[in-house]
Amino acid sequence: MADSVISTDFTFEGQQSLYKGKVRDVYDIDGKWLVMVATDRISAFDVVLPRGIPYKGQVLNQIASKFLDATADICPNWKIASPDPMVTVGHRCETFPVEMIVRGYLTGSSWRDYKAGAREICGIPLPEGMREHQRFDRPIVTPTTKAELGQHDQNISKDEIIRQGLVSAQEYAKLEEYSLALFERGTEIAARRGLILVDTKYEFGKLDGEITLIDEIHTPDSSRYFYAEGYEERFDSGRQQNQLSKEFVREWLMDNGFQGREGEQVPEMTDEIVASISDRYIELYEQITGEKFIKGDTADVTARMEGNIRNMLARLR
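Residues numbered from 1 in each chain as written. Predicted model: local features only at pLDDT ≥ 70, side-chain atom pairs only at ≥ 80, totals over all residues. Heavy atoms only, no water.

1. A few points about the pairing of strand 3 (residues 33-38)
Looking along a regular strand, one sees side chains alternate from face to face of the sheet.
Now for step 1: The element strand 3 is largely enclosed, with a buried count of 6 among its 6 residues.
Now for step 2: Burial along strand 3 is two-sided: Trp33, Val35 and Val37 facing one way and Leu34, Met36 and Ala38 facing the other are all buried.
Now for step 3: Pairing between strand 2 (residues 24-29) and strand 3: 6 bridges, direction antiparallel. Paired with Arg24 across the two strands is Ala38, which belongs to strand 3.
Now for step 4: Counted between consecutive antiparallel strands, the loop separating strand 2 from strand 3 contains 3 residues, among which Asp30 sits at a positive phi close to 60°.
Now for step 5: Summarising the sheet, strand 3 and strand 7 (residues 87-91) pair through 5 bridges and their orientation is antiparallel. Bridge pairing in strand 7 links Val35 to Val89. (Buried < 20%, exposed > 50% of the residue type's maximum accessible area, 1.4 Å probe, protein only. Helix = DSSP H or I, 4+ residues; strand = E, 2+ residues; numbered from the N terminus. Pairing = 2+ DSSP bridges.)

As structure tokens, this is what we get:
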């Protein structure tokens, strides 16, 4: 099995900080640029699992990079370049403290809440009688607060965001407009691949006073996809959808008694499980992009990354 990159610890000229998130290691360079390394860490239920998944970081970084390029006409984004299969370098932005979740279907956590009796998500009323995986009449935006590592994101309504002063009313309107436009573009691209973009999240910041898309976009970690073929038949018969997302990892964890709650133990991640998850991420890449996945050289990944990043930063200066 190929090695996985669990963590990095580089030191670059002008480096001001290193932030380690659930999946990414983010280096702040001169307070102007961010070097975002997509590691092979994997998280579920806001818990970082104990083993890395080979090639997962490359899959996430390359999908995000492609979609940032494919949506640059909709809104500005933070990307400057992707100098390594696992790395994107971009502008450092002042981050908004909310994530914009766009949902086209009642599935995942929204379905679990609905099944438990909720008839409202983030201030948006939901009708009675909906079924799992049912399409909404139009996509809805259900924002969350951005959680610290190890904490759960919390649903929050538009009105509460504005009332708390997290985002101004004018800025929130623009965030919502951008999010829905990005979701529409993602839906169109997915349809050409025989997929349905079910739900996704977007994060935004400000660069020189302008709202800017940041972080990843339309990856299997931030999004859920169904295969379009068979959707209607499966929905009509009440069967589970054939989906491309990280949901299969969550389902494996739930089947083995883990949902991130206090006292629960992560089940053993055997070599077989790790390899199967890696294969699924590669499948996700090829299906979402329509391109063959080319595995990066794993002989000395960290040395490769460091050299590519240093060359990129030298060009920026």
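Text resumes after the structure shown.
2. Focus: the pattern of salt bridges
Now for step 1: Overall, the coordinates contain 24 salt bridges when judged by the stated rule.
Now for step 2: Between Arg41 and Asp25 there is a salt bridge; the shortest N-O distance is 2.8 Å. You can see Arg41 sitting in the loop between strand 3 and strand 4 (43-44) and its partner Asp25 sitting in strand 2, a full 16 residues away along the chain.
Now for step 3: Classification of Asp25 as buried rests on a relative accessible area of 0%.
Now for step 4: Between Asp199 and Arg224 there is a salt bridge, with the nearest N and O atoms lying 3.0 Å from each other. Of the two residues, Asp199 is situated in strand 15 (residues 195-207) and Arg224 in strand 17 (residues 223-227); the sequence distance between them amounts to 25 residues.
Now for step 5: Members of the salt-bridge network, linked through shared partners, are Lys20, Asp25 and Arg41. (Salt bridge = Lys/Arg side-chain N within 4 Å of Asp/Glu carboxyl O.)

3. A few points about the side chain of Thr142
Now for step 1: Following the sequence through the fold, Thr142 ends up in the loop between strand 12 (134-141) and strand 13 (144-145).
Now for step 2: The class of Thr142 is buried, set by a relative accessible area of 0%.
Now for step 3: Of note is the side chain of Thr142, whose polar atom sits 3.0 Å from the side chain of Arg103.
Now for step 4: Not counting the four nearest positions on each side in its chain, Thr142 is found in contact with Ile101, Arg103, Ile121, Cys122 and Ile124. (Polar contact = N/O pair within 3.5 Å; in protein donor to acceptor, adjacent residues only side chain to side chain. Contact = heavy atoms within 4.5 Å.)

4. Comments concerning helix 6 (residues 247-255)
Now for step 1: For helix 6, the full list of buried residues reads Glu247, Phe248, Val249, Arg250, Trp252 and Leu253.
Now for step 2: Packed against the buried residues of helix 6 are strand 4, helix 2 (109-115), strand 17, strand 18 (243-245) and helix 7 (271-289).
Now for step 3: The positive-phi residue at the C-terminal boundary of helix 6 is Gly257, with phi of around 80°.

5. Remarks on the sheet that holds strand 1 (residues 15-20)
Now for step 1: Taken in spatial order, the 5 strands make up an open sheet running 1-2-3-7-6, and their pairing is antiparallel. Since the sheet does not close on itself, it has two edges, and those belong to strand 1 and strand 6 (79-84), each with one partner. Neighbour-to-neighbour, the strand axes of this sheet turn through a mean angle of 20°, independent of strand direction.
Now for step 2: Each of strand 2, strand 3, strand 6 and strand 7 touches helix 1 (residues 56-70); the most contacted strand, strand 6, lies at about 145° to it.
Now for step 3: Where helix 8 (residues 301-316) meets the sheet, its contacts fall on strand 2, strand 3, strand 6 and strand 7, and the angle it forms with strand 6 comes to roughly 145°. (Axes fitted to C-alpha atoms, helices over the stretch in contact; angles between N-to-C directions.)

6. Structural notes on the packing of helix 6 against helix 7
Now for step 1: Contact geometry of helix 6 with helix 7 gives a least axis separation of 11 Å together with a crossing angle of 155°. When the axis of helix 6 is compared with that of helix 7, the two are roughly antiparallel. Between helix 6 and helix 7, the residues in contact are Phe248, Val249 and Trp252 and Ile273, Ile277, Arg280 and Tyr281, respectively.
Now for step 2: Split into classes, the residues belonging to the contact of helix 6 with helix 7 amount to 6 nonpolar, no polar and 1 charged. (Parallel < 35°, antiparallel > 145°, perpendicular 65-115°, else oblique. Nonpolar A, V, L, I, M, F, W, Y, C, P; charged D, E, K, R; others polar.)

7. Points about the packing of aromatic side chains
Now for step 1: One pass over the structure, following the stated rule, counts 12 aromatic pairs.
Now for step 2: Taken together, a centroid distance of 6.0 Å and an interplanar angle of 15° make the contact between Tyr231 and Phe235 stacked. With Tyr231 and Phe235 both in helix 5 (residues 231-237) and 4 residues apart, this pair spans about one turn of that helix.
Now for step 3: Residue class for Tyr231 comes out buried when judged on its relative accessible area of 7%.
Now for step 4: Phe235 gets classed as buried once you look at its relative accessible area, which sits at 12%. (Phe/Tyr/Trp six-rings, centres within 6.5 Å; stacked < 30°, edge-to-face > 60°.)

8. A word on the pairing of strand 6
Now for step 1: For strand 6 and strand 7, the ladder comprises 3 bridges, and the chain directions are antiparallel. Across the sheet, the residue bridging to Lys79 is Gly90, located in strand 7.
Now for step 2: Joining the antiparallel neighbours strand 6 and strand 7 is a turn of 2 residues.

9. Observations regarding the packing of helix 1 against helix 7
When two helices pack together, their arrangement is captured by the angle between the axes and the distance separating the axes.
Now for step 1: Between helix 1 and helix 7, the shortest axis-to-axis distance is 9 Å and the interhelical angle comes to 15°. What the angle tells us is that helix 1 and helix 7 run roughly parallel. Crossing handedness for the pair helix 1 and helix 7: left-handed. In this structure, helix 1 uses Lys56, Val59, Leu60, Gln62, Ile63, Lys66 and Phe67 to contact helix 7, whose residues at the interface are Tyr281, Ile282, Tyr285, Ile288 and Thr289.
Now for step 2: The residue makeup of the contact of helix 1 with helix 7, split by class, is 8 nonpolar, 2 polar and 2 charged. (Left-handed = near helix turned anticlockwise from the far one by under 90°.)

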